[in-house]
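Below are the chains, spelled out letter by letter.
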Amino acid sequence: MSAAWRTLARAQAESGDCSSALASYEEALLVDPEDVWALNNMGYLLIEHGRFEDAIGPLALAVTLDGANALFRKNLLVALERSGRDMREIDAFVTGQLAERYTRERRDPPGGDPWPHGRGP
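The structure presented is a predicted model; accordingly, all values stated were derived computationally and were not measured.

## Details of the packing of helix 4 (residues 52-65) against helix 5 (residues 70-82)
The geometry of helix 4 relative to helix 5 is characterised by a closest axis approach of 8 Å and an angle of 150° between their N-to-C directions. In terms of their interaxial angle, helix 4 and helix 5 are classed as roughly antiparallel. The hand of the helix 4/helix 5 crossing is left-handed. Seen from helix 4, the contacting residues are F52, A55, I56, L59, A60, A62 and V63; seen from helix 5, they are F72, R73, N75, L76, A79, L80 and R82. Taken together, the residues of the contact of helix 4 with helix 5 sort by class into 11 nonpolar, one polar and two charged.

Structure representation (structure tokens):
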């Protein structure tokens with residue numbers, strides 16, 4: 001069932017409806033909180049829209065769940081680098097600290113809108 005939400009999210013993102021895409025990725029994660037592809041794709045969408053800091057959490061969790069996936073690791077490194085993070089934080093994501101923080105802090109965005117400032121840059 002999470003695959004259906006993920007597929008819908010990709011279609012929404014491709015059509016430019018990023019707010020709905022993020023909401024659909026969230027639905028996929030409600031069905032399967034360890035859907036690594038939903039986590040990665042959500043993070044990548046956030047990177048595409050310049051929301052590098054927001055991308056770190058889902059990507060860190062994807063890497064923690066599937067550390068062998070080079071694509072997930074690359075996307076996380078891009079988010080860390082572009083957010084201006086100290087690259088020594090790579091050690092933190094390897095130990096799962098960033099993923100744990102994301103899981104702990106994850107909650108609905110203010111007002112329920114995942115794109116409070118519009119559809120991105």
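So, next bit.
## Details of the side chain of D35
Following the sequence through the fold, D35 ends up in the loop between helix 2 (18-31) and helix 3 (36-48). A relative accessible area of 4% means that D35 is categorised as buried. A distance of 3.0 Å separates polar atoms of two side chains, one belonging to D35 and the other to S2. Separated by 3.0 Å, the side chain of D35 and the backbone nitrogen of A38 make a polar contact. Look past the residues within four positions of D35 in its chain and what remains in contact with it is S2, R6, A28 and L29.

## Focus: helix 5
The terminal C-alpha atoms of helix 5 lie 18 Å apart, and with 13 residues this matches the ideal 18 Å at 1.5 Å per residue to within 8%. If you check which residues of helix 5 are buried, you get F72, N75, L76, V78, A79 and L80. Two residues or fewer past helix 5, G84 is found with a positive phi of approximately 80°.

## So, the layout of surface pockets
Unoccupied space between atoms shows up once a probe the size of one water molecule is rolled over them. Approximately 170 Å³ is the volume found for the second largest pocket. Along its surface, the second largest pocket is lined by R10, A13, E14, Y25, N40, N41, Y44, L45, E48, L71 and N75. The dominant element in the lining of the second largest pocket, judged by the number of residues it contributes, is helix 3, at five residues. Residues of the lining of the second largest pocket, tallied by class, amount to five nonpolar, three polar and three charged.

## Details of the pattern of salt bridges
Once their charged atoms are close, side chains differing in charge can pair, the charge on each being opposite to the other. Under the counting rule described, the total for this entry stands at three salt bridges. Two residues, D35 and R6, come together in a salt bridge whose shortest N-O distance is 2.5 Å. Of this pair, D35 sits in the loop between helix 2 and helix 3 while R6 is found in helix 1 (residues 2-14), placing the two residues 29 residues apart along the sequence. Looking at R6, the relative accessible area reads 17%, which means it is buried. For the salt bridge of R85 with E53, the shortest nitrogen-to-oxygen distance reads 2.3 Å. Taken together, the positions of R85 in the loop between helix 5 and helix 6 (90-94) and E53 in helix 4 put the pair 32 residues apart, joining distant regions of the chain.

Calculation notes
Residues numbered from 1 in each chain as written. Predicted model: local features only at pLDDT ≥ 70, side-chain atom pairs only at ≥ 80, totals over all residues. Heavy atoms only, no water. Axes fitted to C-alpha atoms, helices over the stretch in contact; angles between N-to-C directions. Helix = DSSP H or I, 4+ residues; strand = E, 2+ residues; numbered from the N terminus. Parallel < 35°, antiparallel > 145°, perpendicular 65-115°, else oblique. Left-handed = near helix turned anticlockwise from the far one by under 90°. Contact = heavy atoms within 4.5 Å. Nonpolar A, V, L, I, M, F, W, Y, C, P; charged D, E, K, R; others polar. Buried < 20%, exposed > 50% of the residue type's maximum accessible area, 1.4 Å probe, protein only. Polar contact = N/O pair within 3.5 Å; in protein donor to acceptor, adjacent residues only side chain to side chain. Expected span 1.5 Å × (residues − 1). 1 Å grid on protein atoms, 1.4 Å probe; cavity = no way out; pocket = protein on both sides within 12 Å on 5 of 7 lines; lining within 4 Å. Points joined across faces, edges and corners; volume = space filled by probe spheres on them. Salt bridge = Lys/Arg side-chain N within 4 Å of Asp/Glu carboxyl O.

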